Each structure stands twice: as C-alpha cells, then as structure tokens.
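These are the residues of each chain, in order.
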Amino acid sequence: MIPAIEKDSLDEIKIFQEQKLAELLTYISENSPFYKRLFAGRNIDISTIKTIEDLQYLPVTTKEDLQQYNDDFLCVPQHKIIDYASTSGTLGDPVTFGLTDSDLDRLAYNEAISFACAGIAEGDVVQLMTTIDRKFMAGLAYFLGLRKLKVGVIRVGAGIPELQWDSILKYKPSYLITVPSFLLKLIEYAEIHGIDYNNSSIKGAICIGESLRNEDFSMNTLSKKIIDKWNIKLFSTYASTEMSTAFTECAHGIGGHHHPELIIVEVLDENNMPVKNGEVGELTFTTLGIEAMPLLRFKTGDIVQLHNEPCSCGRNTLRVGPVIGRKKQMIKYKGTTLYPPAMNDVLSGFDNIENHIIEISTNDLGTDEILIKIAVKNQTPEFLQEIKDHFRAKLRVTPKIEFASKETLNPLVFNPMSRKPIRFFDYR
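About the thresholds
- Residues numbered from 1 in each chain as written.
- Predicted model: local features only at pLDDT ≥ 70, side-chain atom pairs only at ≥ 80, totals over all residues.
- Heavy atoms only, no water.
- Phe/Tyr/Trp six-rings, centres within 6.5 Å; stacked < 30°, edge-to-face > 60°.
- Helix = DSSP H or I, 4+ residues; strand = E, 2+ residues; numbered from the N terminus.
- Buried < 20%, exposed > 50% of the residue type's maximum accessible area, 1.4 Å probe, protein only.
- Lys NZ or Arg CZ within 6 Å of the ring centre and 35° of its normal.
- Core = buried A, V, L, I, M, F, W, Y, C linked by side-chain atoms within 4.5 Å.
- Contact = heavy atoms within 4.5 Å.
- Axes fitted to C-alpha atoms, helices over the stretch in contact; angles between N-to-C directions.
- Parallel < 35°, antiparallel > 145°, perpendicular 65-115°, else oblique.
- Nonpolar A, V, L, I, M, F, W, Y, C, P; charged D, E, K, R; others polar.
- Pairing = 2+ DSSP bridges.
- Right-handed = clockwise from strand over helix to strand, strands pointing away.
- Disulfide = S-S within 2.5 Å.
- UniProt positions renumbered as here; feature names shortened; annotations may be inferred.
- Salt bridge = Lys/Arg side-chain N within 4 Å of Asp/Glu carboxyl O.
- Left-handed = near helix turned anticlockwise from the far one by under 90°.

As for the packing of aromatic side chains
- In the structure shown here, the tally under the stated rule is 11 aromatic pairs.
- Seen from their ring centres, Tyr197 and Trp230 are 5.8 Å apart, and the 75° between their planes marks the pair as edge-to-face. With a gap of 33 residues between them, Tyr197 in the loop between helix H7 (180–192) and strand E6 (204–207) and Trp230 in the loop between helix H8 (221–229) and strand E7 (233–240) connect regions that are remote in the sequence.
- Measuring from ring centre to ring centre gives 6.2 Å for Tyr238 and Phe247, while their planes differ by 40°; the resulting arrangement is tilted. You'll find Tyr238 and Phe247 in the same group, each marked buried.
- One aromatic cluster is present, formed by Phe34, Tyr35, Phe39, Tyr69 and Phe73 through successive ring pairs.
- Across from the ring centre of Tyr69, 5.2 Å away, lies the NZ or CZ of Arg37, which sits over that ring.

So, in structure tokens, the structure goes:
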C-alpha cells in the first residue's frame, strides 16, 4: 500500500505540493482569523508565493502563537468539529485542536499508509498499548488507521505488564504499538513468570515517544537492549498533534517516510531560513488537506536532519532522521552542547539503573547546571564513578549525578496526567 505520489520523482512531488500549497494559502486567507490578520498586518500577497522555496518569504507560526491565539486558528464553525484533541504540553500549556469529519478521515489515511510502511497489513492483529482517551490524538489516530487497514485491534491501553501479556497470549497479536522502554518491562515480567516471549506471536513493535536510533540510524542503547533479548523488529515513528501526520520507518530503518499529500516539510536555521542539504535544523511544517486547523510554517522545536536519497522500499519521498533534541531543551554545559536524548542513551546502558530524571537549572554564574538523579538496584561509590567515566567518554563532560529512591522518581517519571514518561525537568 504505497501511494502513487510516494513513488514519483522528487520534481513531480514538488510540483504536486506547490499546487496544494496554493490551495492552502487561499483557504487560510479566507477562513483563518489568525492568518487573515497576519497576512493583512504584514501586507503579504499570497499570490506571489508559488514555489516551496517561496515559503521563506512567509512568517513562521510558533507554539506560543497557538497557545495565545488558539481559537483564532479555527477555520470552521464549531458545529463542524467532531473530535477535540489536545497537545501533551511538553514544552508549555496544552493547545486544543478541533477535527472535522474530513480531518478524521485524513488522520485515518495517514496512519493506514504509515502502518503499511512498517509492514502491517490486513489480517494482522495489533495490540494498542497507549491511551485512546484524555483527548489524546495519537491513540485515536492509531485505532482509525488500523481500522482502515482492516486490521484487528486490541485496545489494552498503557502499562500493566500482566494485562498486556494476558492479551498477547490470548489474542496472539503480531504487532505492538508502545513506548519502547515499556518493552523492557514486558521482557522483565516474562522472564520472572516463565513466559517464552521469543516464541510469542509478536513480530514487531511500532515505537512512539522515545528514540530508537542514533543520528547515523544505528540502534541506540535502548533499542539494542530490547532486541538483544527479544527477537522482534522495531519501527520508529515521529508525529505530533499539530501536524496530524506521521513519519514512520519502513523495514530498512533509515528514517521516517514523508507523506507529500499531507504535509510540506522544511528544516530551518536560527534565522528561519532553510539549512543546506544534509545539515541539521528545526523541523518546520505546513499541513495539507486539513479543514479545521491548518498550520503554515509551524516550528516544532525538534532538531532533525532530512535525507533525500531514494529508499530501497520503492518510495522516493524524503525521510526525517532521528530527533536529535528539542530546541528549547538544548543545554550548554562546560562548552559542550547537549540534548537530553544523548544523556538518556548513556544512562540506558546500565542495567543497574532502574529509573532516572535529568534536572537543568541556572547556577550563580548564569550558566546551565545539570543534575541527574538515578534509582539503582545496588548503590556503590564505584558504580557512581563508572557512570561518570562513561559520560566523559561518550559526551566529553560529566554532569552532577546523585542517587535517589525508586519511590521518589517513579511518580515524577510516570505522572498519571502525562501520556509518556517525563525524565527531563527544566528549571532555567
């Protein structure tokens, strides 16, 4: 199930997207209070924007814009809203997104072609190990997409390894949709209770919320720990409520594939200009085909690299590499630039560590200070020194690290009000 446009040449894809861009600009200039005001205030003539390159002459949209003017982005009357979703609020106040009937169809199509990219097909059964309630768009999107693929869905929800294994053994799903670190808990539960997980029905897992790969697409420490024990295929997927679109890996595991029918992608530098081919920058997108709340040049805050070489799967679309970090979470520590994913990866390499959090604050000199709190099975000064040495070897710096109890850290990491584990706390 590869859409024809994804097999077209990059030039053909560009021409298609430019036609859709013109339609979007007309639509938001007529229906979006926010963009009407923006275009009028900046004297922007949308008829002059004809190519993807011309996007750089338009202002960007930020998360702060969405938070401050949430309702002004709505392009339809309220009675046309069928579903209300909200962002997780990882980097600020949550934002509400309305979806029309047409938007829900688009969401289902996006997830169907994304899951097909990872090899899920009619006849498979998939265990959904994430919430579908609490205005969580992703959980609903997964269900709608699997239904469109005519795939069976087991809606178990998040957590509770015992319940997950009961469902796996009873219904025999072929794929799981889950946060990858939870797979380690499934493995641990299976080993304690004598479940032969390598002879289970599971062939693969679609992994959300946490990175699986390094920048060169090699498996990171977390994914290595999983596949070293459990012989299943891991697929990374990147998405957000704002874009209503997913970038999912195929079996070749070299980046999340772009769906050009649904979204235009840019990677921008500090001055909101496109970076050179192969350079990293902030992922910025323009949505296509959204009726209720389309967005123009929305800056995600995620630092990524794009890859343009054709993939052996037959798709010619660009691919989004692993998220290196969030722009607002960038840390300058002793002259070195760090992002939380790199520190998480170092800590994931130690079986003795049961949980951890990373706290960032500003010290008396006005520079960034890092404190990592770890809950471990066996506390020794030697182990603390081993971690510090590992940080120095991998990241060239050693942050302050201290022991904490699992009882203290678990409620912070697995906050019941959050949809994913929270390990980064920024007090700057």
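Remarks on the nonpolar core
- Leu25, Tyr35, Leu66, Leu283, Leu295 and Leu296 are the most contacted members of the largest nonpolar core, which has 39 residues in total.
- Listing elements by their share of this core, those giving two or more residues are helix H1 (10–31), helix H2 (33–41), strand E10 (263–268), strand E11 (280–287) and strand E12 (298–307).
- When neighbours within four sequence positions are excluded, Leu283 is seen to be in contact with Tyr238, Met243, Val265, Glu266, Val267, Phe298, Lys299, Thr300, Gly301, Asp302, Val304 and Leu306.

Topic: the packing of helix H6 (residues 161–171) against H7
- Direction vectors running N to C along H6 and H7 enclose 80°, while the axes themselves pass 10 Å from each other. Between H6 and H7, the crossing angle belongs to the class labelled roughly perpendicular. Between H6 and H7, the contacting residues are Pro161, Glu162, Gln164 and Trp165 on the first element and Phe182, Lys185, Leu186, Tyr189 and Ala190 on the second.
- Residues that form the contact of H6 with H7 fall into these classes: 6 nonpolar, 1 polar and 2 charged.

Notes on the sheet that holds strand E20 (residues 424–426)
- Here we have 4 strands laid out as an open sheet, ordered E19-E18-E17-E20, and mixed in their pairing. Strands at the two margins of the open sheet, each flanked by one partner only, are strand E19 (400–403) and E20. Across this sheet, the average inter-strand angle for adjacent strands is 20°, counted without regard to direction.
- Relative to E20, strand E17 (residues 353–362) is paired through 3 bridges, and the arrangement is parallel. By the bridge assignment for E20, Glu359 is matched with Phe425.
- Contacts from helix H9 (residues 340–348) reach E17, strand E18 (368–376) and E20 within the one sheet, and its direction differs from that of E17 by about 150°.
- Contacting E17, E18 and E19, helix H10 (residues 381–395) runs over the sheet at an angle of about 150° to E19.

Quick look at the pairing of E18
- Judged by how many residues are buried, E18 sits mostly within the fold: 7 of 9 residues are covered.
- In this structure, E17 lies alongside E18, joined through 9 bridges in antiparallel fashion. Looking at E18, one finds that Ile360 is bridged to Ile370.
- Where E17 folds back on E18, the antiparallel hairpin that results is connected by 5 residues, among which Gly366 adopts a positive phi of roughly 85°.
- You can see the chain leave E18, run along H10 and come back into E19, and the turn it takes is right-handed.

What to know about the environment of His193
- Along the chain, the position of His193 falls in the loop between H7 and E6.
- Looking at His193, the relative accessible area reads 46%, which means it is partly exposed.
- It is 9.5 Å that separates the C-alpha atoms of His193 and Glu162, two residues lying 31 residues apart in sequence.

As for the state of the cysteines
- Scanning the model with the defined rule gives 0 disulfides in all.
- Here Cys207 is not disulfide-linked; the sulfur of Cys117 is the nearest cysteine sulfur, at 15 Å.

Re the UniProt feature "domain: AMP-dependent synthetase/ligase" (unreviewed entry) in the protein
- Those places that UniProt annotates as "domain: AMP-dependent synthetase/ligase" (unreviewed entry) correspond, in this numbering, to residues 150–285.
- The span residues 150–285 carries 24% helix and 28% strand; its end-to-end C-alpha distance comes to 30 Å.

Details of unusual backbone geometry
- One non-glycine residue with positive phi stands out, namely Ser244, at about 50°.
- Examined against the element boundaries, Ser244 turns out to sit in the loop between E7 and strand E8 (245–248).
- A positive phi angle, near 75°, is found at Arg396, a position not held by glycine.
- Assignment of secondary structure puts Arg396 in the loop between H10 and E19.

Some words on the pattern of salt bridges
- Taken as a whole and assessed by the stated rule, the structure comprises 24 salt bridges.
- For Arg315, the salt bridge goes to Glu6, with nearest N and O atoms at 3.4 Å. You can see Arg315 sitting in the loop between E12 and strand E13 (319–320) and its partner Glu6 sitting in the segment before H1, a full 309 residues away along the chain. In terms of burial, Arg315 and Glu6 fall into one category: buried.
- A salt bridge links Arg319 to Glu309, with the shortest nitrogen-to-oxygen separation between them at 3.1 Å.

Quick word on the packing of H7 against H8
- At a closest axis distance of 9 Å, the pairing of H7 and H8 adopts a crossing angle of 30°. The angle between the axes of H7 and H8 places the two elements in the roughly parallel class. Crossing handedness for the pair H7 and H8: left-handed. Residues Pro180, Ser181, Leu183, Leu184, Ile187 and Glu191 of H7 form the contact with H8, whose participating residues are Leu222, Lys225, Ile226 and Lys229.
- Residues belonging to the contact of H7 with H8 are distributed by class as follows: 6 nonpolar, 1 polar and 3 charged.

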